[in-house]
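As a plain string of letters, each chain reads:
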Amino acid sequence: MTGVYILHYTFFNLLVGWFPVNSLTAKLLVILMTFLLSVMSSMLLLKSNLTKKLITF
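In this text, all values refer to a predicted model and were calculated from it rather than measured experimentally.

Observations regarding a nonpolar patch on the surface
Next up, step 1: On the surface, Leu29, Leu32, Met33, Phe35, Leu36 and Met40 cluster together into a nonpolar patch covering about 560 Å² of accessible area.
Next up, step 2: When you line up the elements, Leu29 lands in helix H2 (residues 24-45).

Some thoughts on the confidence of the model for the protein
Next up, step 1: Overall, the prediction assigns the protein a mean pLDDT of 83, with 88% of residues at 70 or greater.
Next up, step 2: Highest mean pLDDT in the protein belongs to H2 (88); lowest belongs to helix H3 (residues 49-55) (77).

Things to note about the environment of Leu37
Next up, step 1: Topologically, Leu37 is positioned in helix H2.
Next up, step 2: Distance in space between the C-alpha atoms of Leu37 and Phe11 is 7.1 Å, their sequence separation being 26 residues.
Next up, step 3: In contact with Leu37, other than residues within four places in its own chain, are Phe11 and Leu15.

Rules of the game
Residues numbered from 1 in each chain as written. Predicted model: local features only at pLDDT ≥ 70, side-chain atom pairs only at ≥ 80, totals over all residues. Heavy atoms only, no water. Patch = residues over 30% accessible without salt bridge, like charges linked within 9 Å, V, L, I, M, F, W, Y side chains within 5 Å. Areas by Shrake-Rupley, 256 points an atom, 1.4 Å probe, with all protein chains shown as cover. Salt bridge = Lys/Arg side-chain N within 4 Å of Asp/Glu carboxyl O. Helix = DSSP H or I, 4+ residues; strand = E, 2+ residues; numbered from the N terminus. pLDDT = per-residue confidence, 0-100. Contact = heavy atoms within 4.5 Å.

Written as structure tokens, this is what we have:
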């Protein structure tokens, strides 16, 4: 799904901007949160017929 990759970059940039990434724990947490947020939001977007076309092109 192309939309998931777009969401990864979006959420990663937002999280890095919001949280200071100074330690390995913080880096791993940002990576985990990026994955979870992008997968959860893409699952929600796939439920709508209109947004399904945008995320699966």
